[in-house]
Amino acid sequence: MVDVSNITGIQLDALREVGNIGSGNAASALAQFLNRKIDMAVPSASIMELNEIPNLIGGPDKPVLGIFLKIMGEISGKFLLMIPEETSKKMLRALIPDCSLDDMTKLGEMESSCMREIGNILAGAFLNALSVLTQTPMLNSLPSMNFDYAGAMIDNVIADMTAVSDKVLMIETSFIEEEEDLRIHIFILPATNSLNLLLQKIGVS
């Protein structure tokens, strides 16, 4: 069984390509939803400590909207969107033209529904591409959502993963909309017991 701490460079390259395919599909879905051109940063795949994740989006004190879904099926894990506060406001204004929300802690029902739908669309598109690639059905749970500091969010949302390992495999990418710089960060955290199957399905077990 592959341990997350001794995964090879070839396996990381293959997982990076998985992220590329899934993120490309998700970027296309987001562009259609927002009716805007969306570019995608080159995905990365790495082994890292859970508490290092907030540093990728500006540090543990960065206010973010987190949208969290479980990945269910033979390949299971967690799907996490971390959307910086300003990006969240810009997206809401794009979806709800008369939205003048300044305090993200006071999301109304319509605003919450819109942001959860973005999570559903991105997770569904990403996992659909991954399902086709691995020929393994995957489903996502309904999204849960929270606005908090990035550090606190990681502690609250995926703290239970430390019971398995303090290191995780992370596939990360971000989407960029040039006009308003709408940055969205996607993190795919495969469960440890699904890592071997994922590597086997993509031919680098």
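Just above, that's the structure.
Residues numbered from 1 in each chain as written. Predicted model: local features only at pLDDT ≥ 70, side-chain atom pairs only at ≥ 80, totals over all residues. Heavy atoms only, no water.

Colleague: Please clarify how the overall build of the protein should be interpreted in this entry.
Modeller: From N to C terminus, the protein includes five helices and eight strands. Taken from N to C terminus, the helices and strands of the protein fall in the order α-β-β-β-β-α-α-β-β-α-β-β-α. The C-alpha atoms of the protein give 16 Å as radius of gyration, which agrees with the globular expectation for 205 residues (17 Å, within 12%). Reported as C-alpha extents along the three principal axes, the dimensions of the protein are approximately 55 × 30 × 25 Å. Out of the 205 residues belonging to the protein, those deemed buried represent 53%. Counting only contacts in the protein whose residues sit at least 6 apart along the sequence, the fraction spanning at least 24 positions is 73%. A total accessible area of about 9500 Å² is found for the protein, and carbon and sulfur atoms account for 49% of it. (Helix = DSSP H or I, 4+ residues; strand = E, 2+ residues; numbered from the N terminus. Rg over C-alpha atoms; globule rule 2.2 N^0.38 Å. Buried < 20%, exposed > 50% of the residue type's maximum accessible area, 1.4 Å probe, protein only. Contact = heavy atoms within 4.5 Å. Areas by Shrake-Rupley, 256 points an atom, 1.4 Å probe, with all protein chains shown as cover.)

Colleague: I would appreciate a short explanation of the packing of helix H2 (residues 85-95) against helix H3 (residues 109-134) in the present structure.
Modeller: Geometry of a packed helix pair, given as the angle between the helix axes and the separation of the axes. Direction vectors running N to C along H2 and H3 enclose 105°, while the axes themselves pass 10 Å from each other. Of the possible angle classes, the one that applies to H2 and H3 is roughly perpendicular. Packed against H2, whose contacting residues are Ser88, Met91, Leu92 and Leu95, the element H3 presents Glu111, Cys114, Met115 and Ile118 at the interface. Taken together, the residues of the contact of H2 with H3 break down into six nonpolar, one polar and one charged. (Axes fitted to C-alpha atoms, helices over the stretch in contact; angles between N-to-C directions. Parallel < 35°, antiparallel > 145°, perpendicular 65-115°, else oblique. Nonpolar A, V, L, I, M, F, W, Y, C, P; charged D, E, K, R; others polar.)

Colleague: Even after reading the chapter, I still don't get the pairing of strand S4 (residues 77-84), so can you show me in this structure?
Modeller: Two faces belong to every sheet, and in a regular strand the side chains alternate between them. By the criterion of burial, S4 is predominantly enclosed, with eight of the eight residues buried. Counted between consecutive antiparallel strands, the loop separating strand S3 (residues 63-73) from S4 contains three residues. Here six bridges tie S4 to strand S8 (residues 184-190), and the two strands are oriented antiparallel to one another. What sits directly across from Lys78, in S8, is Leu189. (Pairing = 2+ DSSP bridges.)

Colleague: Could you clarify how one ought to interpret the packing of helix H1 (residues 9-34) against H3 in this entry?
Modeller: Across the interface, H1 lies against H3 with an axial gap of 8 Å and an inter-helix angle of 140°. Between H1 and H3, the crossing angle belongs to the class labelled oblique. Considering the relative orientation of H1 and H3, their crossing is right-handed. Contacts between H1 and H3 involve Val18, Gly19, Ile21, Gly22, Ser23, Asn25, Ala26, Ala29, Leu30 and Phe33 from the first element and Glu117, Ile118, Ile121, Leu122, Ala125, Phe126, Asn128, Ala129, Leu130 and Leu133 from the second. Looking at the contact of H1 with H3 residue by residue, the classes come out as 14 nonpolar, five polar and one charged. (Left-handed = near helix turned anticlockwise from the far one by under 90°.)

Colleague: Teacher, can you tell me more about unusual backbone geometry here?
Modeller: Not every positive phi belongs to a glycine, and Asn35 is a case in point at roughly 55°. Within the chain, Gln135 stands out as a residue other than glycine whose phi angle is a positive 55°. Looking at where Gln135 falls in the secondary structure, it is placed in the loop between H3 and strand S5 (138-140).

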